[in-house]
Amino acid sequence: MLLLMLIILAISIVYYFVHLKYQYWTKRGVVGPRPKFFVGNLGGCLLLKTSPGDLYSNIYKEYHHKSIVGLYRSFTPMLLIRDPELIKEVTTKSFSHFHDNDIDIDKDANLIFAKNPFTLKGEEWKVVRAQLTPCFTSGKMKWLYPYLEENSAQLVQFVQSLPEATNGKGYEAKELATRFTLNNVGDCVFGVKAKCFEEENSEFRQLAREFLTPGSWSILAIFVATIFPVVMKIFPIRFASKAVENKLLEIVSDTLSYREGKKIIRNDFLHILSQLKKTSKDYEFTDVDVTAHAAGFFADGYETSSIVMSFVLFELSVNPEAQSKLREEINKAFEENDHKLPYEVLKALPYLDGVINETLRIHPPALSLQKLCTEAFTYTPKETNRSMVIEKDTPIILPVSGLHKDPQYFESPESFKPERFVGENKETIKKGTFLPFGEGPRACLGQRFGLLQIKVGLSYIVKNFELSVNNKTKLPLKYDPTNILITPIGGLWIDFKKIT
Ligand code: HEM
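Please read these numbers as outputs of a predicted model, since none were measured by experiment.

1. Some details on the sheet that holds strand E5 (residues 369-372)
And then number 1: Judged by pairing direction, the sheet is mixed, and its five strands sit side by side in the order E1-E2-E8-E5-E3 without closing on themselves. Whereas interior strands pair on both sides, the edge strands pair on one side only; in this sheet they are strand E1 (68-73) and strand E3 (100-101).
And then number 2: Packing of helix H5 (residues 84-93) onto the sheet brings it into contact with E1, strand E2 (76-81), E5 and strand E8 (395-398), and relative to E2 it is tilted by some 115°.

Following this line, the structure appears as structure tokens:
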């Protein structure tokens, strides 16, 4: 009897404290979905039924009349922001209150990722971000452009050589785009030929398969770290296997020694990084930094860009009018420039820009972003007019996909309309509602390079092939719930008809 009473007492105490924990947002007048014991609001993600990005998009839609929504990650209160004004505060105006991403990684177990600006915090992030920013100036992109053009010409030859791409069996767009972007990072980051068109299992393709590829360990680790950052503090989870990390480090140090020995100067990221070693004044930039950042650019450089490129190919296939209009713009640019596509001309093509931005709106590779409140911030939601304090260490969710599909900001959000991002229309897009690259000081560092490689590869493809969707593509598209970056279930299969 006594034992039973003790058990009931223990359960009641636990229940009381759990109840108290889950009162956090109610006490502050913030509404949100009811949390479940232990998992809070992320149960669906843990059961792999939904990705965090899709979960936040659904919550965004459900609470359409609210500026903020209170959620719980296990017992930790976190805040989903719907109000674009508050998003502007978080990303830009009051950046000093929210300067970190909500991710923790074990530095000893992750040599490469631990140096990536995305995972760095506070002063360390500031220093590294300032060091790496010069790698992505417009001038540096111009240096790299010839490599991208050469790989784009090879991309066309590769598609032409594939019987399945042209005989109605279809070719998977992500596979195609990954081969292309890996060749680009091989050239632009390491100065090495990645040979992803020539060889089915080239060294780079193998590396990529084990690194940030859907289903690989690194993707799973990122998934766990995103949902439960605390796990990363307890277990030294690796984002890339030791073998992959060593291989990347070996490629960089071999190339550097070869260049030094032969006195070779090649205009690429590796050269820019090794120059930083000589010019960095305030903070020592070591060999390890050069190597880790080059390897980091490899990781950042191919996956997100190939996702975007594959979705652009898909959207053009299902929107033939947009495809024709884009082809017209590209053909004209080639004709007016001696059958070439110079860097300045490509950069200024408005419809191409619109097509890519509209694809990024409908299919942003990161469906949501996670920030951390680093200094308390006072906010007054307009619907309650009651100010509340966002406390230090509160995780903040920016529901990118929810905002991108909100009819309040993008009329008929399900329709593919590149014109939204062309000319004056672009200026009417409300700040804080279009976030494919994030926003403010912490926005994507490699945006210029990512967009450039997509633009040039796409221009060559659209000039040479008519695209249509192959019936192996499962429509309507569904994203794999076990991935952080969007991955369409079954792939995006495209037919390519050569334009003669
Ligand atoms: C179209 C392709 C790309 C997309 C859609 C994309 C998207 C993003 C997003 C959403 C973030 C997070 C921003 C935030 O936290 O607010 C990010 C960060 C970052 N990206 Fe990209 N990215 C792309 C290509 C690249 C490329 C090609 C590189 C480098 C070669 C790169 C390097 C980085 C780095 C270093 C960060 C961390 C920035 C920081 O925290 O200071 N990205 N990217």
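Structure's up, so let's keep going.
2. Focus on the sheet that holds strand E9 (residues 465-469)
Working definition: the strands of a sheet are paired by backbone hydrogen bonds and lie parallel or antiparallel to each other.
And then number 1: Spatial ordering of the open sheet is given by E4-E10-E9, a layout of three strands whose pairing is antiparallel. Either end of the sheet is taken by a strand with one partner, and the two such strands are strand E4 (171-172) and E9.
And then number 2: Across two bridges, the pairing between E4 and strand E10 (residues 493-498) is antiparallel. Opposite Glu172, over in E10, you have Trp493 as the bridge partner.
And then number 3: Along the sheet, helix H21 (residues 447-464) makes contact with E9 and E10, crossing E9 at roughly 95°.

3. Brief notes about the coordination of the iron atom of the ligand
And then number 1: Of the protein atoms, Cys444 (SG) alone serves as a donor to the iron atom of the ligand, at 2.3 Å.
And then number 2: Position of Cys444 among the secondary structure elements: in the loop between helix H20 (424-427) and H21.

4. A few points about the domain arrangement of the protein
And then number 1: Examined at the domain level, the protein breaks down into domain 1 (1-30) and domain 2 (40-498).
And then number 2: Inter-centroid distance (C-alpha atoms) of domain 1 to domain 2 is 43 Å.
And then number 3: When domain 1 packs against domain 2, the two sides together hide about 1,100 Å² of surface, and 62% of this comes from carbon and sulfur.
And then number 4: Taken as a group, Tyr22, Trp25 and Val30 account for 57% of the area that domain 1 buries against domain 2, more than any other trio of residues on that side.
And then number 5: Where domain 1 packs against domain 2, one counts one salt bridge.

5. Concerning the packing of aromatic side chains
And then number 1: A complete count under the given rule lists 22 aromatic pairs for this structure.
And then number 2: The interplanar angle of 70° and the centroid separation of 5.1 Å between the aromatic rings of Phe136 and Phe297 together place this pair among those described as edge-to-face. Of this pair, Phe136 sits in the loop between helix H6 (122-132) and helix H7 (138-161) while Phe297 is found in helix H15 (residues 287-318), placing the two residues 161 residues apart along the sequence.
And then number 3: Among the residues examined, Phe297 registers a relative accessible area of 10% and is labelled buried.
And then number 4: Between Phe421 and Phe434 the ring centres are 4.7 Å apart and the planes differ by 45°, which places this aromatic pair in the tilted class.

6. Digging into the side chain of Asn110
And then number 1: Following the sequence through the fold, Asn110 ends up in the loop between E3 and H6.
And then number 2: Apart from the residues lying within four places of it in its own chain, the contact partners of Asn110 are Ile105, Ile237, Arg238, Phe239, Ala240 and Glu245.

7. Topic: the nonpolar core
Side chains that are nonpolar tend, in soluble globular proteins, to be buried together.
And then number 1: Grouped together as the largest cluster of nonpolar side chains are 135 residues, with contacts concentrated most on Phe269, Phe298, Ile390 and Phe496.
And then number 2: The greatest single-element share of this core, amounting to 15 residues, is contributed by H15.
And then number 3: Formed jointly, this core draws a minimum of three residues from each of two domains, domain 1 (1-30) and domain 2 (40-498).
And then number 4: Setting aside its immediate chain neighbours within four residues, Phe496 contacts Val159, Ala165, Thr166, Tyr171, Leu176, Ile461, Phe465, Glu466 and Leu467.
And then number 5: Formed by 14 residues, the second largest nonpolar core is a distinct cluster that contains Leu55, Ile59, Ile227 and Val231.

Thresholds applied
- Residues numbered from 1 in each chain as written.
- Predicted model: local features only at pLDDT ≥ 70, side-chain atom pairs only at ≥ 80, totals over all residues.
- Heavy atoms only, no water.
- Pairing = 2+ DSSP bridges.
- Helix = DSSP H or I, 4+ residues; strand = E, 2+ residues; numbered from the N terminus.
- Contact = heavy atoms within 4.5 Å.
- Axes fitted to C-alpha atoms, helices over the stretch in contact; angles between N-to-C directions.
- Donors = N, O, S within 2.8 Å, 3.2 Å for Na, K, Ca; no water.
- Domains from an automatic or database assignment.
- Buried area = accessible area lost by both parts, 1.4 Å probe.
- Salt bridge = Lys/Arg side-chain N within 4 Å of Asp/Glu carboxyl O.
- Phe/Tyr/Trp six-rings, centres within 6.5 Å; stacked < 30°, edge-to-face > 60°.
- Buried < 20%, exposed > 50% of the residue type's maximum accessible area, 1.4 Å probe, protein only.
- Core = buried A, V, L, I, M, F, W, Y, C linked by side-chain atoms within 4.5 Å.

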